[in-house]
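Architecture at a glance
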Amino acid sequence: MQQEKYNAHLAILLANTIFGLGVPVTSYLLSDWTSPMGYMAFRCFGAAAIFWAISLFLPKEHVERRDLITILIGGLLGFVISQSLTAWALEYTTPVYFSLIATLTPVATMLLAALFLGETITRGKSLGVVIAILGAALLVFAGWTSGTGKNDPLGITLGILSLLTWAIYLIITRHVSQKYTAVTQMKWVFLISSIAVLPWAYNELPVSRLVAEPHASGWMGGVCAMVFIVVFATVLGYFLIPYAMKTLRATTVSVYTNLQPVVASLVAMFIGQDVFTWDKPVAGVLVLLGAWLVTREQ
């Protein structure tokens, strides 16, 4: 049992490192190579094809109808809606701002768990919520005057909506994650995701520069970036999440989101996607402190 917990913590640590790397890569793709919905279409179709291909070589699992509905709803929330909001957020704000906002995920998960699962909120957790909200508010107000994105307040708002849908996904899929393998869950998640984005993909994929301009300068770099997003930030990352949730609580899984801003911020500033300003580390400390207070009693 102890080894299973260790493996689960390692899996979620790796997943969030990959997600953190995926933030600046996504920002690069959206700025040069594809639209937000074109980006989503590449992810959905690629991940669905890979997971269904892998499932052909594994024992077939029967999924109860009620659980299948939960998986499908979870897929729409945790991938289609959450990741579409992420893509749109990165259209308007920078990877650093978005990643700092993402660290509010443990706070949102804790509040939703208390609301829907009856988990107790202690005084320490309440203090953590207040501190984390102050950190998020600092990003919003500083973004109005000193942000480097196209529209930081709008991007930050979309980022908050993205983390809320992700927190709901973690909570509602906790039960099914303990019953079925990650491949079984993800093949259905990305099938419904592909169906959901198909109306937009029909119009947007053909005009994406990744499809329409194969001879453009730097095209191979764009392709490699998209391969990273599909194979690592989607297939591997979303495989590791339900694997970890077989052993860990949703709130514990969500706290590892705090690793994402560290990775994303370092990479984004290193490659010149963002600049260092005073509010980023201050907001980061407040949000991370709030998240730690929320989860230290788990």
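So, here is what we can say about the structure in this document. These numbers come from a predicted model, not from an experiment.

Cut-off values and rules
- One numbering rule holds for all chains: residues counted from 1, following each sequence as written.
- Selection of residues for local features in this predicted model requires a pLDDT of at least 70, selection of side-chain atom pairs for listing and counting requires 80 or more, and totals for whole chains, interfaces and linings are taken over all residues.
- Excluding hydrogens and water, the side-chain figures rest on all heavy atoms present in the structure.
- Segments assigned H or I by DSSP are reported as helices when at least four residues long, segments assigned E as strands when at least two residues long, and all are numbered from the N terminus.
- By this rule, a helix spans an expected 1.5 Å times one less than how many residues it contains.
- Note that the bend at a residue is defined as the angle between axes fitted to the seven residues ending at it and the seven residues starting at it.
- In the analysis that follows, any N or O atom pair within 3.5 Å is treated as a polar contact, provided that within protein one partner can donate a hydrogen and the other can accept it, and provided that, for residues neighboring in sequence, both atoms belong to side chains.
- In what follows, residue pairs with any heavy atoms lying within 4.5 Å of each other are defined as contacts.
- A pair of aromatic rings is counted whenever rings of Phe, Tyr or Trp (Trp by its six-membered ring) have centres within 6.5 Å, and the orientation is called stacked for planes under 30 degrees apart, edge-to-face for over 60 and tilted otherwise.
- The buried label goes to any residue with under 20% of its type's maximum accessible area, the exposed label to any with over 50%, and the partly exposed label to all in between, with areas taken from a 1.4 Å probe on protein chains only.
- A ring has a charge above it when a Lys NZ or an Arg CZ is no more than 6 Å from the ring centre and no more than 35 degrees off the ring normal.
- Here an angle of 0 to 180 degrees is reported between the N-to-C directions of two axes, which are lines fitted to C-alpha atoms, with helices fitted over the stretch in contact.
- Roughly parallel means an angle under 35 degrees; roughly antiparallel means over 145; roughly perpendicular covers 65 to 115; every other angle is labelled oblique.
- Helix crossings get a hand from a simple test, with the near helix turned counterclockwise from the far one by less than a right angle marking a left-handed crossing and a clockwise turn marking a right-handed one.
- Under the scheme applied, nonpolar residues are Ala, Val, Leu, Ile, Met, Phe, Trp, Tyr, Cys and Pro; charged residues are Asp, Glu, Lys and Arg; polar residues are all the others, including Gly.
- Any Lys or Arg side-chain nitrogen found within 4 Å of a carboxyl oxygen on Asp or Glu counts as a salt bridge.

On to helix α11 (residues 219–245), then. For α11, built from 27 residues, the straight-helix expectation of 39 Å at 1.5 Å per residue is met to within 8% by its first-to-last C-alpha distance of 37 Å. Largest kink in α11: about 30 degrees, centred on G237.

This next bit is on the side chain of Q185. Checked against the element boundaries, Q185 lands in helix α9 (residues 182–204). Polar contacts involving the side chain of Q185 include one to the side chain of S177, which spans 3.3 Å. For Q185, the residues in contact, after removing those within four places along its chain, are I71, V176, S177, Y180 and P242.

Let's shift gears to the packing of aromatic side chains. Applying the stated criterion to the full structure yields 9 aromatic pairs. A centroid spacing of 5.3 Å and a plane angle of 80 degrees characterise the contact between F79 and Y238, whose relative ring orientation is edge-to-face. One end of the pair, F79, is in helix α3 (residues 65–92); the other, Y238, is in helix α11, and 159 residues separate them in sequence. In this structure F79 comes out as buried when scored by relative accessible area, which is 0%. Owing to a relative accessible area of 2%, Y238 belongs among the buried residues under this scheme. Among the aromatic residues, ring-to-ring pairing joins F19, F51, F79, W166, Y169, F190 and Y238 into one connected group. When the ring centre of W52 is taken as origin, the NZ or CZ atom of K187, which lies over that ring, is 4.6 Å away.

Before going further, it helps to examine the packing of helix α2 (residues 36–55) against α3. Close contact between α2 and α3 brings their axes to 9 Å; oriented N to C, the two are set at 140 degrees. Of the possible angle classes, the one that applies to α2 and α3 is oblique. Two packed elements cross with a definite hand, and for α2 against α3 that hand is right-handed. Along the contact surface, α2 presents P36, M37, Y39, M40, R43 and C44, while α3 presents F79, V80, Q83, S84, A87, W88 and E91. By residue class, the composition of the contact of α2 with α3 is 9 nonpolar, 2 polar and 2 charged.

Secondary-structure assignment places T173 in the loop between α7 (152–172) and α8 (174–179). Beyond its immediate chain neighbours, meaning those up to four positions away, T173 contacts T70, G74 and M245.

Another aspect to go through is the pattern of salt bridges. Summed over the entire model, instances satisfying the criterion amount to 3 salt bridges. Ionic pairing is found between K179 and E64, a salt bridge with its closest N-O pair at 3.6 Å. Note that K179 is positioned in helix α8 and E64 in the loop between α2 and α3, a separation of 115 residues in sequence. Among the salt bridges present, the one from D67 reaches K179, with a minimum N-O distance of 2.6 Å. Here the residue D67 occupies a position in helix α3, and K179 occupies one in helix α8, the gap between them amounting to 112 residues. One network of salt bridges, with partners in common, ties together E64, D67 and K179.

What follows covers α3. If you check α3, its first and last C-alpha atoms are 39 Å apart, about what 28 residues at 1.5 Å a residue would give, namely 40 Å. Along its length, α3 reaches its greatest deviation from straightness, about 25 degrees, at L76.

Here we take up the environment of S254. Mapped onto the elements of the fold, S254 is located in helix α12 (residues 250–255). According to the relative accessible area criterion, S254 is buried, its value standing at 0%. Between the C-alpha atom of S254 and that of L163, which follows or precedes it by 91 residues, the distance is 10.0 Å. The residues touching S254, leaving out its near neighbours within four places in the chain, are T105, P106, T109 and L170.

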